[in-house]
Amino acid sequence: IVFSGNGPSGICLSYLLSGYTPYFKRESLHPHPILQRKLEEAPEVSILDQDLDYLSEGLEGRSDSPVALLFDALQRPDTDFGGTAESVLTWWHEPNRAIPHLVLGRNTPGGAWHSIEGSMVTLSRGEWMGLPDLPFKEWLKQNRRGLRNNRATAEDIAQYYQHYVVKKGLQKNFRCGTVVTSVRKVSAESTSNHAQKDLQENSGSLWNSNEQSTEVFQVDGFFKTVEGDKEPFSIYAENVVLATGTYDSPTWLGVKGENLSYVHHQLSALEAAVKNNSIGIMSDPVLIVGAGLTAADAILFAHHCNIPVIHVFRRRVSDPGLIFNQLPKMMYPEYHKVHQMMKEQTAACAGPYECYISLPEHHVLSFGKDKKCIIQDKNGCQKAYKISMALVLTGSNPNLSFLPNNGIDLAVDNGQPVNSKRNPIDVDPFTYECTQEKGLYALGPLAGDNFVRFVQGGALAAASSLLKKANKNPP
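The name given to the protein in an unreviewed UniProt entry is Oxidative stress-induced growth inhibitor 1, with the source organism recorded as Pachyramphus minor. Turning to the protein, the UniProt record has this under Cofactor (unreviewed entry): "NADPH".

So this is what it looks like as structure tokens:
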């Protein structure tokens, strides 16, 4: 089995395929009485070997995935009600059930968490960022770190994921510094004995070919060596897991001048400009486009540095679809402040916040070489603004260029590109196997699970399915 992606989804699945097996802790009591009754029916049978459809039936919560809700309920029984009940799972290491696998990732284990500015605070509560059988809060305590307002920094999370891989002895499955360039189905006969032999020597019996299988996946790519060279590789596997997340390609507006050097699509560009003093208090305003949390983070950063901001977004401030209207004020005071600024500081009426102008229901028409930006309101009125730099922070899309047709054929709507929120890869909800391509699995944002707390259910479903295929499930 080969995974592409070494973020939380890939780490969790590697743990489950390394022989770590969850059972119901016999003496524990789950607050959900129906789930408790089901768990008591067969405590000697691992959760991986039980009927996940049956166990998850009737569960409700903040995810559309039944298995995500199930695994979350088992690990954090009453967390949505502010409770701190312990997990009802106990973990056993059963090495005979381990399945050889390789986890390929560009960076160190933790995926995109290593690309996020270290001091950024998570949207989710800190304890929701943890992986199975190593509570995040415990790790923080051991490292003498704390949670700010119940939330953690990106730096802490990235370090925790690296520590998790080492602590659980998973390093042998991880190949960092690898870039996958192609995943495609090939005939098993067309793969030479030489390639098969190489693979078995290099990575255990990854081939593990089942006589009936006539097609396998060929995974091509390259390793980045310490010297900076690119060393190509080809791996053959019966099953491939896509867990590459959605952080790869920022969304572009598609307007004239967007490719000019002062227009950026990542928050790190603003941080770099402040660091090297190319932008400061006396600069022309920074244009920030977007009304999500990354745009809010950029506004907070600029506000903290006293840098003037023009904030453009398409929605109304009161739109219920706006993320700020869905967040509890007490838990997210800084985002509530941004929302307040968006409401009170429009161009039409000056509010209490200096150096910030909000332009709701506006959109960018073009960027000029003279750093003038043309912005249009909902009535078609246009105005030019002189800016120092622009940050277009309107979301991101996964980069699936290594799949045939960019993976579009695998999506729920196979006429549109894959998008984690609007058009995820179509998977079976109880195995996470792609409905359009057997042997190919998708986890995390690619399958529509956008929170670390819920990506683990997909790993449980995929592990259960892969163990059945490998006949590693006891009868």
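Here the narrative resumes.
### Examining the overall build of the protein
Looking only at helices and strands, the protein features 11 helices and 20 strands. Residues counted as buried form 52% of the 475 residues belonging to the protein. For the protein, the share of sequence-separated contacts (at least 6 apart) that also reach a separation of at least 24 residues comes to 68%. Surface accessibility of the protein: about 22,500 Å² in total, with carbon and sulfur atoms responsible for 49%.

### Focus on the side chain of E258
By the element assignment, E258 lies in the loop between β10 (249-250) and β11 (263-264). Despite being buried, E258 has no salt bridge partner; R314 is the closest side chain of opposite charge, sitting 10 Å away. From its side chain, E258 meets the backbone nitrogen of G254 in a polar contact 2.6 Å long. When sequence neighbours within four positions are dropped, the list of residues in contact with E258 reads W252, L253, V263, H265, F367 and V392.

### Considerations on helix α11 (residues 452-469)
With 18 residues, α11 extends 26 Å from end C-alpha to end C-alpha; this agrees with the ideal 26 Å at 1.5 Å per step. Counted residue by residue, α11 has 16 buried out of 18 residues, so it is predominantly covered.

Here is what the cut-offs are and how they apply
- Residues numbered from 1 in each chain as written.
- Predicted model: local features only at pLDDT ≥ 70, side-chain atom pairs only at ≥ 80, totals over all residues.
- Heavy atoms only, no water.
- UniProt positions renumbered as here; feature names shortened; annotations may be inferred.
- Helix = DSSP H or I, 4+ residues; strand = E, 2+ residues; numbered from the N terminus.
- Buried < 20%, exposed > 50% of the residue type's maximum accessible area, 1.4 Å probe, protein only.
- Contact = heavy atoms within 4.5 Å.
- Areas by Shrake-Rupley, 256 points an atom, 1.4 Å probe, with all protein chains shown as cover.
- Lys, Arg positive; Asp, Glu negative; His and termini not counted.
- Salt bridge = Lys/Arg side-chain N within 4 Å of Asp/Glu carboxyl O.
- Polar contact = N/O pair within 3.5 Å; in protein donor to acceptor, adjacent residues only side chain to side chain.
- Expected span 1.5 Å × (residues − 1).

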